[in-house]
Amino acid sequence: MRVLLRSGEGFVPPSSNDFELPPIFGDNAYTTKPILLVFLSVILISVFFIISSRKAAVVPSKLQFAGESIYSFVRNDLAKDVIGHDFLRFVPYLFTLFTFILVNNLFGIIPLLQFPSMSRVSFPYVLAMTIYIVFHYVGIRKQGALKYFKEIMFMPGVPKAAYILITPLEILTFFVVRPLTLALRLFANMFAGHLLLLVFILGGDHLLQGVIGLKLISPFAFGIGIALTFFEFMVQCLQAYIFTLLAALYIAGALADEH
Amino acid sequence: MAKREESAMWSIFGYLLSGLLFWGGIGFGLDKWLNTSYFTLIGLLVGISGAIYLVWLRFGRE
């Protein structure tokens, strides 16, 4: 392909370097695009839900309806269904988690912003850490530290010799693999999605600068880019949902007496 | 129910992963230590069997 291109430089494929954005203001590391986007997401979410719930009426306005349907989705479909009778005190946390991740993911396809902040791995790590703290804390509070850890490590009804094989796996799963996969799943999905969009859209742009034959191919690249944008929208919603769902499930698991 | 299946899927994935990581890791360490080459394989096999056993205990017994 490179031979066909007239103008000098070859196509530079998008890579992980495209995620390392320079600071916008001055020389400090605290004003990069992902960080500003996270702040923006907090402002957007707060403003939206304050406005939508301010003039709450029995017959809701469109805005109130939108806000309430998101809230009741998290409350009923995630918290109530999964956690059960003691769900109400976890709703604020799960709701924050869901809206925060959703908006930050959606930044990936919103024109001009177009960067999913969750594709920087530190953000999902921190979110997973909060879940880690919440579900272990809840479990210890509910069952007492000794019983809680015993239940994780020693499953009842298993021959004693099997514990040598199994107990390390339980510990590793509960304390390392679960929070890690939680964070990495979100990160990897956002990272890969953004990369995919970059490939097709930058590729389409690059094809436009080639000879006439390549120019004709370019719309297809853009077309796939647009189709993938819709696909990304789906993935972004799904990832926010799965993250919150698994958080709720871990809390439910820590609350339950029997796993 | 879709949510239970989703959760079961991810816990099974977690168990399989930790099985391979833990016992495979021990095998790998033994190999490095004793200058052999077969403990990694043994560790991985032990790990995956342990994980499958654990999955059976958790989800297959009911």
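Please read these numbers as outputs of a predicted model, since none were measured by experiment.

A. How the structure looks around the overall build of chain B. What chain B contains, in helices and strands, is two helices and zero strands. Scaling as 2.2 N^0.38, a compact globule of 62 residues should have a C-alpha radius of gyration of about 11 Å, whereas chain B reaches 14 Å, well beyond that. Counting only C-alpha atoms, chain B reaches 50 × 20 × 10 Å along its principal axes. The buried share of chain B, reckoned over its 62 residues, is 31%. Within chain B, contacts between residues separated by at least 24 positions form 49% of all contacts whose residues are at least 6 apart in sequence.

B. Expanded view of the overall build of chain A. Looking only at helices and strands, chain A features seven helices and zero strands. Listed N to C, the secondary structure of chain A is α-α-α-α-α-α-α in terms of helices and strands. Compactness check: chain A gives a C-alpha radius of gyration of 23 Å against a globular reference of 18 Å for 259 residues, more than 25% above the reference. When burial is assessed residue by residue, chain A has 30% of its 259 residues classed as buried. Sequence-distant contacts in chain A: of pairs separated by 6 or more residues, those separated by 24 or more amount to 65%.

C. Here's a closer look at the confidence of the model for chain A. Within chain A, residue pLDDT values average 87, and 95% of them lie at 70 or more. Every residue in residues 1–7 of chain A scores below 50 in pLDDT, and together they form nine contacts with partners more than four places removed in sequence or on other chains.

D. Spatial organisation of the interface of chain A and chain B. At the interface, 16 residues of chain A touch 16 residues of chain B. Only helix 2 (62–83), helix 6 (162–208) and helix 7 (212–255) of chain A provide two or more residues apiece to the side of chain A that touches chain B. Element by element, the count of residues in the side of chain A that touches chain B is highest for helix 6 of chain A, at nine residues. Here the residues of the side of chain A that touches chain B are counted per class, giving 12 nonpolar, two polar and two charged.

E. Main features of the packing of helix 7 of chain A against helix 1 (residues 2–34) of chain B. Where helix 7 of chain A contacts helix 1 of chain B, the axes come no closer than 11 Å and their chain directions differ by 85°. Taken as axis vectors, helix 7 of chain A and helix 1 of chain B run roughly perpendicular relative to one another. On helix 1 of chain B, the residues that touch Leu245, Leu246 and Leu249 of chain A of helix 7 of chain A are Lys3, Glu6, Ser7 and Trp10 of chain B. Its residues assigned to classes, the contact of helix 7 of chain A with helix 1 of chain B comprises four nonpolar, one polar and two charged.

F. Just the packing of helix 2 of chain A against helix 7 of chain A, in detail. All names here are of chain A. Remark: helix 2 packs on helix 7, axes separated minimally by 8 Å, with the N-to-C direction vectors making an angle of 30°. Taken together, the axes of helix 2 and helix 7 lie roughly parallel to each other. Viewed along their axes, helix 2 and helix 7 form a crossing whose handedness is right-handed. Residues Val74, Leu78, Ala79, Val82 and Ile83 of helix 2 lie in contact with helix 7, whose contacting residues are Thr244, Leu245, Ala248, Leu249, Ile251, Ala252 and Leu255. By residue class, the composition of the contact of helix 2 with helix 7 is 11 nonpolar, one polar and no charged.

G. The arrangement of the environment of Ile224 of chain A in detail. Mapped onto the elements of the fold, Ile224 of chain A is located in helix 7. Put simply, Ile224 of chain A and Gly144 of chain A are 80 residues apart on the chain and 54 Å apart in space, counted from C-alpha to C-alpha.

H. Region of the structure containing the UniProt feature "transmembrane region" (unreviewed entry) in chain B. All names here are of chain B. According to UniProt, the "transmembrane region" (unreviewed entry) feature falls on residues 12–30 and 36–56. Strand forms 0% of residues 12–30 and helix 100%; the C-alpha atoms that close the span are 27 Å apart. Taken as a whole, residues 36–56 contains 86% helix and 0% strand, while its terminal C-alpha atoms sit 32 Å from one another.

I. Examining the confidence of the model for chain B more closely. Summarising the model, chain B shows a mean pLDDT of 88, and 97% of its residues fall at 70 or more. Predicted complex metrics record ipTM = 0.84 and pTM = 0.86.

J. Here's a closer look at the nonpolar core. Core analysis: the largest hydrophobic core is formed by 42 residues, its most contacted members being Ala79, Leu94, Ile101, Ala247, Ala248 and Ile251 of chain A. If you list the elements that add at least two residues to this core, you get helix 2, helix 3 (91–106), helix 4 (122–143), helix 6 and helix 7 of chain A. Top element by residues in this core is helix 7 of chain A. It accounts for 11 residues. Filtering out sequence-adjacent residues up to four positions away, Ile251 of chain A remains in contact with Ile83, Phe90, Val134, Phe135 and Val138 of chain A. In this structure, Leu169 of chain A together with Leu17, Phe22 and Ala51 of chain B belong to the second largest nonpolar core, which totals 11 residues.

Cut-offs applied
Residues numbered from 1 in each chain as written. Chains lettered and ligands numbered in written order. Predicted model: local features only at pLDDT ≥ 70, side-chain atom pairs only at ≥ 80, totals over all residues. Helix = DSSP H or I, 4+ residues; strand = E, 2+ residues; numbered from the N terminus. Rg over C-alpha atoms; globule rule 2.2 N^0.38 Å. Buried ≥ 20, exposed ≤ 12 C-beta atoms within 10 Å, placed from the backbone. Contact = placed C-beta atoms within 7 Å. pLDDT = per-residue confidence, 0-100. Nonpolar A, V, L, I, M, F, W, Y, C, P; charged D, E, K, R; others polar. Axes fitted to C-alpha atoms, helices over the stretch in contact; angles between N-to-C directions. Parallel < 35°, antiparallel > 145°, perpendicular 65-115°, else oblique. Left-handed = near helix turned anticlockwise from the far one by under 90°. UniProt positions renumbered as here; feature names shortened; annotations may be inferred. Core = buried A, V, L, I, M, F, W, Y, C linked by C-beta atoms within 7 Å.

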